[in-house]
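# Descriptive structure summary
Chain residues, written in single-letter form:
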Amino acid sequence: MKVRLLYFARLREVFATGQETPDIPENVTTLADLLDWLRQRGGVWAEELAAGRAYRVAINQDLVERDALLHESDEVAIFPPVTGG
Amino acid sequence: MKVRLLYFARLREVFATGQETPDIPENVTTLADLLDWLRQRGGVWAEELAAGRAYRVAINQDLVERDALLHESDEVAIFPPVTGG
Amino acid sequence: MKIAVQTEAFDLNAEVGALYQANPKVGAVASFLGLVRDINEGQGVSTLSLEHYPGMTEKALAQIVENARQRWEVLDAAVIHRVGALLPTEPIVLVAVASGHRGDAFAACEFIMDFLKTRAPFWKKEVTPEGEHWVDARESDDRAAARWGGSDT
Amino acid sequence: MKIAVQTEAFDLNAEVGALYQANPKVGAVASFLGLVRDINEGQGVSTLSLEHYPGMTEKALAQIVENARQRWEVLDAAVIHRVGALLPTEPIVLVAVASGHRGDAFAACEFIMDFLKTRAPFWKKEVTPEGEHWVDARESDDRAAARWGGSDT
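Just so it is clear, the model here is predicted, and its values are computed rather than measured.

On to the packing of helix H3 (residues 102–119) of chain C against helix H4 (residues 139–146) of chain C. Residue and element names in this part refer to chain C. Where H3 meets H4, the closest approach of the two axes is 9 Å, and the angle between their N-to-C directions is 135°. Regarding the angle of H3 to H4, the classification is oblique. When the axes of H3 and H4 are compared, the crossing they make is left-handed. Side by side, H3 and H4 meet where Asp-114, Phe-115, Lys-117 and Thr-118 of the first sit next to Asp-141, Asp-142, Ala-144 and Ala-145 of the second. Residues belonging to the contact of H3 with H4 are distributed by class as follows: 3 nonpolar, 1 polar and 4 charged.

Listed below in structure tokens is the structure:
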């Protein structure tokens, strides 16, 4: 399954990319699975996405919880807590 | 003792005057006394200033309670509850 | 701190801008605009006529702003109230409060409005083709002011 | 209802005026202006750089305004948020709410600001002569949003 991953603000800088469209393994079916899979890249991925870190995830532009299901072509955005206004 | 009396809005219209500077008797020493004295005029004075009616009084431009003391040359304003804003 | 009672219209850009343009400590401006509503719902033109007690209005408004300053961080504020004859959709009053943070700006602005409504000597008369009448004070305004508690209620 | 994310400055008179000038049912407009503060207190010029998530910002803001409409009488509203590089004293955000009465206008305006601060995908970076850093989210903003209760918190 392909999903579109977007990174913003500090995470975009730390990951040194704003977006990617990886092919994810079949056993990755929830957001929690996807985060595990990304953490397996190690380095900044393991560090920034670790359990205790504050970050938010939106699927198709709606904030979601970790048990959200993934679907083909979903837009999954990972970003720090927002600071606008 | 002379005090300056001001009336505003509906009370100004009902009393058919915006101000007067009456000589008030010596035994009129508090606002409550002054209101009694005005009510003795009868007619609209007795009616509008009756105990149950909603009106406000300011002495020298500060809202006061009925036990406020009167002094020579005080500016005493009597008016309906305010409705600005 | 600007307090004004005037017949003329005011300029929102100029009044709000004056509160923050020269002060980089201001992070938040909360403002309120009160407008003449069309009470007749289109059934003939109505006018709102506003009377006030010159001298006491300015004094009362200054005291209300001072009370707000004692409760919240108020870096600057403007209260402008119009008097005279006003038509539907015309602004009646502007209250704007500048602060470092939004919580203080919102609270101080709403506080000033609530006490302006119950303590500042302005009176409204509605003038319609069918006649004119003084607007009644509303108990909901007294309740709004009372919820702030304290000695200035 | 106007929702806009833009680099350009906005005109307070025009934006607020659009909410009431054509609608004589509007008696109250509460508005909030958020501004760039000079965090360096004059020690060199600092810039605030604002990034956002195009598409989601508009969607999130529209949802927040819709949630406000379900709680209060909102006759019209405008939310304008700037992105890009901004200098101290420049406006960042405008939230303005028109209603029949002030209680609804104030509450809806503050509600929208509280959720904009915690739900809309904007991020601030401070750029100073000494370097740049991303602004940290504040717990006080989460608390401000949480106090409204309900499912949209």
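Picking up where we left off.
Hydrogen bonds between backbone atoms are what pair the strands of a sheet, whose relative direction is either parallel or antiparallel. Read from one edge to the other, the open sheet built from 8 strands follows the order E1(C)-E4(C)-E6(C)-E2(C)-E2(D)-E6(D)-E4(D)-E1(D), with strand pairing classed as mixed. Edge positions in the sheet fall to strand E1 (2–6) of chain C together with strand E1 (2–6) of chain D, since each of these pairs with one other strand and no more. For this sheet, the mean inter-axis angle between neighbouring strands, taken without regard to orientation, is 10°. Against the sheet, helix H1 (residues 12–20) of chain C contacts E1, strand E2 (28–35), strand E4 (76–82) and strand E6 (91–99) of chain C together with strand E2 (28–35) and strand E6 (91–99) of chain D, and its axis sits at roughly 20° relative to E6(C).

So, about the relation of the copies chain D and chain C. The operation relating chain D to chain C is a screw motion whose rotation component is 180°, with 0.0 Å of axial translation and a residual RMSD of 0.0 Å. The superposition operator between the copies reduces to a two-fold rotation axis. Taken together, the interface assignments show that 100% of the residues at the interface of chain D recur at the interface of chain C, consistent with an identical surface on both copies.

Let's shift gears to the interface of chain D and chain C. Listed as interface residues are 37 residues of chain D and, on the opposing side, 37 residues of chain C. Considering only the side of chain D, the residues that lose the most area to chain C are Arg37(D), Arg102(D) and Phe106(D), jointly responsible for 23% of the buried surface there. Run the count over chain D and chain C and you get 4 salt bridges. Its salt-bridge partner being Asp141(D), residue Arg102(C) comes within 2.9 Å of it at the nearest N-O pair. Applying the counting rule to chain D against chain C returns 16 residue pairs in polar contact (both at pLDDT 80 or more). The set of elements that each furnish at least two residues to the side of chain D that touches chain C consists of helix H1 (12–20), E2, helix H3 (102–119) and helix H4 (139–146) of chain D. Per-class residue counts for the side of chain D that touches chain C are 18 nonpolar, 9 polar and 10 charged. Judged from the 7 bridges that link them, E2(C) and E2(D) form a sheet pairing that is antiparallel. Bridging from a neighbouring strand, Ser31(C) pairs with Ser31(D) of E2(D).

All names here are of chain C. Its 16 residues give helix H2 (residues 56–71) an end-to-end C-alpha distance of 23 Å, which sits within 8% of 22 Å, the value for a rise of 1.5 Å per residue. Taken together, the buried positions of H2 are occupied by Met-56, Thr-57, Ala-60, Leu-61, Ile-64, Val-65, Asn-67 and Ala-68. End-on view of H2: buried residues confined to an arc of 165°, all on one side of the axis.

Another point: the pattern of salt bridges. Summed over all chains, the structure comprises 34 salt bridges over all chains. Across the pair Arg82(C) and Glu90(C) runs a salt bridge, and its minimum N-O distance is 3.2 Å. For Glu90(C), a relative accessible area of 23% translates into the label partly exposed. Connected through shared salt-bridge partners, Arg102(C), Glu110(D), Asp114(D), Arg138(D), Asp141(D) and Arg147(D) make up one network.

With that out of the way, let us pick up the environment of Leu34(A). In this structure, Leu34(A) sits in helix H2 (residues 31–39). Accessibility expressed as a relative area gives 0% for Leu34(A), which makes it buried.

Before going further, it helps to spend a moment on the environment of Gly131(C). Mapped onto the elements of the fold, Gly131(C) is located in strand E8 (residues 131–134). As a C-alpha pair, Gly131(C) and Ser46(C) span 85 residues in sequence and 9.6 Å in three-dimensional space.

By the secondary structure assignment, His52(C) is in strand E3 (residues 47–52). One polar contact links His52(C) to Thr57(C), side chain to side chain, over a distance of 3.1 Å. Residues within four places of His52(C) in sequence aside, it is in contact with Phe8(B), Val5(C), Thr57(C), Glu58(C), Val83(C), Pro121(C), Phe122(C) and Trp123(C).

For H3(C), with 18 residues, the first-to-last C-alpha span of 25 Å sits near the 26 Å given by 1.5 Å per residue. Counting buried positions over the 18 residues of H3(C) gives 15, a clear majority of the element.

Moving on, we come to the layout of surface pockets. Considered as a void within the structure, the largest pocket measures approximately 910 Å³ in volume. Taken together, 44 residues form the lining of the largest pocket, with Val82(B), Thr83(B), Gly84(B), Lys117(C) and Asp141(C) sitting closest to its centre. Contributing elements (two or more residues each) for the lining of the largest pocket: strand E3 (56–59) of chain B together with E2, E3, H3, strand E7 (122–128) and H4 of chain C. If one sorts the elements of the lining of the largest pocket by residue count, H4(C) sits on top with 5 residues. Tallied by class, the residues present in the lining of the largest pocket amount to 19 nonpolar, 11 polar and 14 charged. Empty space within the second largest pocket amounts to approximately 480 Å³. Surrounding the second largest pocket, 27 residues form its lining, Gly85(A), Arg37(D), Lys117(D), Lys124(D) and Arg138(D) being those nearest its centre. At the level of elements, E2, strand E3 (47–52) and strand E7 (122–128) of chain D are the ones that each hand at least two residues to the lining of the second largest pocket. Among the elements that make up the lining of the second largest pocket, the one with the highest residue count is E2(D) (3 residues).

Definitions and limits used
Residues numbered from 1 in each chain as written. Chains lettered and ligands numbered in written order. Predicted model: local features only at pLDDT ≥ 70, side-chain atom pairs only at ≥ 80, totals over all residues. Heavy atoms only, no water. Axes fitted to C-alpha atoms, helices over the stretch in contact; angles between N-to-C directions. Helix = DSSP H or I, 4+ residues; strand = E, 2+ residues; numbered from the N terminus. Parallel < 35°, antiparallel > 145°, perpendicular 65-115°, else oblique. Left-handed = near helix turned anticlockwise from the far one by under 90°. Contact = heavy atoms within 4.5 Å. Nonpolar A, V, L, I, M, F, W, Y, C, P; charged D, E, K, R; others polar. Pairing = 2+ DSSP bridges. Least-squares fit on C-alpha atoms with pLDDT ≥ 70 in both. Buried area = accessible area lost by both parts, 1.4 Å probe. Salt bridge = Lys/Arg side-chain N within 4 Å of Asp/Glu carboxyl O. Polar contact = N/O pair within 3.5 Å; in protein donor to acceptor, adjacent residues only side chain to side chain. Expected span 1.5 Å × (residues − 1). Buried < 20%, exposed > 50% of the residue type's maximum accessible area, 1.4 Å probe, protein only. Arc of directions from axis to C-beta. 1 Å grid on protein atoms, 1.4 Å probe; cavity = no way out; pocket = protein on both sides within 12 Å on 5 of 7 lines; lining within 4 Å. Points joined across faces, edges and corners; volume = space filled by probe spheres on them.

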